[in-house]
Amino acid sequence: MASSTDPEEDDGMDEFLEQFKGKMYKDGFSEDNWEKEFDKIPIFMKKAPEDIDPAEHPELACIQSMLYDEDQSPEELAKTYKNEGNQYFKEKNYKRAVVSYTEGLKRKCSDTELTVILYTNRAAAQFYLGNNRSALNDVIAARKLKPNHLKAIIRGVLCHIELKDHSSAISWCDEGLQIEPKEKQLLELRAKTDKHKRVVERNRRKAKLSDKKQRVQAEALLKAIQERKIKLFEPPELPSQNSDDENDGKEDNSIVRTLFNGVNAENSHVVHLDENGSLHWPVLFLYPEHEQMDFISDFHEDTQFIDHLSVMFGEQLPPWDTEQIYKPDNLELYFEDEQMGDLFLVDPVCSLQQVLSHPRYVVKAGNPRIIILVRGSSFRKEFLSGKNLQEN
């Protein structure tokens with residue numbers, strides 16, 4: 001038997017140690033890298049990498065293979081995935097938590113309580129991801145296995161609230177309070193949801209009344225326009241497959257949309273009826289010679305054009321009229337029948353209603369438009385050239 005002082009063994013060890021004499025250990029921890037190096041050792045890791053590369057983390061890969069050994073029972077694997085999901089949840093890595101809980105559920109373990117926890121925890125992770133419908137489906141699945149599970153009920157209430165299903169949220173609260181009448185969170189959620197539901201219902205009633213009022217006003221406006229024989233341009237609509245009942249009133253709706261969706265509708269400049277039953281229109285005066293226009297937001301239907309022209313081209317002329325030739329008694333007014341290409345001369349002492357009721361006038365986009373030219377100007381001659389001029 002060789003003794004502990006076998007010369008061959010001593011000579012070998014001495015030779016091995018001899019090679020390190022005079023050399024510094026290069027792979028040791030230093031003040032600069034010790035934290036990084038410690039973080040590579042599983043027991044000291046503050047956070048495990050999401051994807052474990054066996055080449056980079058062989059120790060972790062080994063531990064992972066032991067933890068998730070398929071030879072383990074479904075219950076053991078499900079519990080391991082549950083613990084992993086809980087850790088991801090604590091780290092607020094909800095996506096990875098969902099994956100872990102899902103893997104646990106795939107084991108189809110016979111432990112009902114564990115399955116309920118996996119569903120409920122996955123619901124919580126889905127909730128924090130904003131996947132409220134998926135979260136609700138999970139708590140429903142949990143309650144099928146354990147109807148009185150308070151955590152599942154509370155999370156279901158929160159899902160219904162986020163989905164704005166206040167009636168269901170209150171119903172779930174009541175079911176939970178039958179199990180635990182003094183559950184503080186359920187009491188608070190029910191009171192808050194009931195209050196919010198009342199506000200929503202009140203606002204819905206107000207909106208319905210407002211819609212009805214607007215509809216009545218729109219019908220009165222449309223009736224006034226039709227009584228004056230004023231024609232409105234209606235843009236073509238795409239063919240609809242709706243039933244005849246669904247199409248009832250569609251024509252009127254189209255006309256109303258035309259009136260209220262005009263070019264100046266966003267500024268609330270739309271045709272309206274006053275308390276005396278008179279129409280007020282937003283009117284455009286167009287000056288093609290200078291590519292300018294004026295917008296009259298409230299033109300009473302009985303007002304004459306000359307009344308507005310006298311104000312607009314009185315003592316102070318517009319800056320673009322450098323020749324100072326735009327004067328009320330020097331202007332000619334026209335409206336155009338775009339379909340036929342005819343121009344109609346308008347008498348300045350006419351009222352707006354007289355022009356709008358003309359058989360050939362069509363109001364486009366809710367804004368009547370009048371073209372204004374200077375009598376005797378070269379531009380007028382050129383502009384009217386080739387056009388069919390009609391007397392109003």
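Look a little higher up for the structure.
Parameters at a glance
Residues numbered from 1 in each chain as written. Predicted model: local features only at pLDDT ≥ 70, side-chain atom pairs only at ≥ 80, totals over all residues. Heavy atoms only, no water. Salt bridge = Lys/Arg side-chain N within 4 Å of Asp/Glu carboxyl O. Helix = DSSP H or I, 4+ residues; strand = E, 2+ residues; numbered from the N terminus. Buried < 20%, exposed > 50% of the residue type's maximum accessible area, 1.4 Å probe, protein only. Phe/Tyr/Trp six-rings, centres within 6.5 Å; stacked < 30°, edge-to-face > 60°. Lys NZ or Arg CZ within 6 Å of the ring centre and 35° of its normal.

Looking at the pattern of salt bridges
Logical step 1: Here the structure, examined in full by the defined rule, presents 14 salt bridges.
Logical step 2: Glutamate 103 is paired through a salt bridge with arginine 107; the nearest N and O atoms lie 2.8 Å apart.
Logical step 3: Close ionic contact of aspartate 194 with arginine 198 constitutes a salt bridge, the shortest N to O distance being 3.0 Å. Of this pair, aspartate 194 and arginine 198 both sit in helix α10 (residues 184-227), 4 residues apart, roughly one helical turn.
Logical step 4: Exposure remark for arginine 198: the relative accessible area of 54% places this residue in the exposed category.
Logical step 5: Residues joined in a network through salt bridges with shared partners are Glu103, Lys106 and Arg107.

Focus: the packing of aromatic side chains
Logical step 1: In the structure shown here, the tally under the stated rule is 14 aromatic pairs.
Logical step 2: Ring centres of phenylalanine 127 and tyrosine 128 lie 5.9 Å apart, and the angle between their planes is 85°; on these two criteria the pair is classed as edge-to-face.
Logical step 3: Residue phenylalanine 127 is classed as partly exposed on the basis of its relative accessible area of 22%.
Logical step 4: A centroid spacing of 4.9 Å and a plane angle of 70° characterise the contact between phenylalanine 335 and tyrosine 361, whose relative ring orientation is edge-to-face. Of the two residues, phenylalanine 335 sits in strand β5 (residues 331-337) while tyrosine 361 sits in the loop between α13 (352-356) and β7 (362-363), which places them 26 residues apart along the sequence.
Logical step 5: Residue class for phenylalanine 335 comes out buried when judged on its relative accessible area of 0%.
Logical step 6: Here tyrosine 361 falls in the buried class, since its relative accessible area comes to 3%.
Logical step 7: By way of ring pairs, the aromatic residues Phe89, Tyr94, Phe127 and Tyr128 are connected into one cluster.
Logical step 8: Cation over ring: arginine 143 sits above tryptophan 172, and NZ or CZ is 4.7 Å from the ring centre.
Logical step 9: For the cation-ring pair, lysine 364 lies above phenylalanine 233, with the distance from its terminal atom to the ring centre recorded as 5.3 Å.

What is shown is where atoms sit, not what they do.
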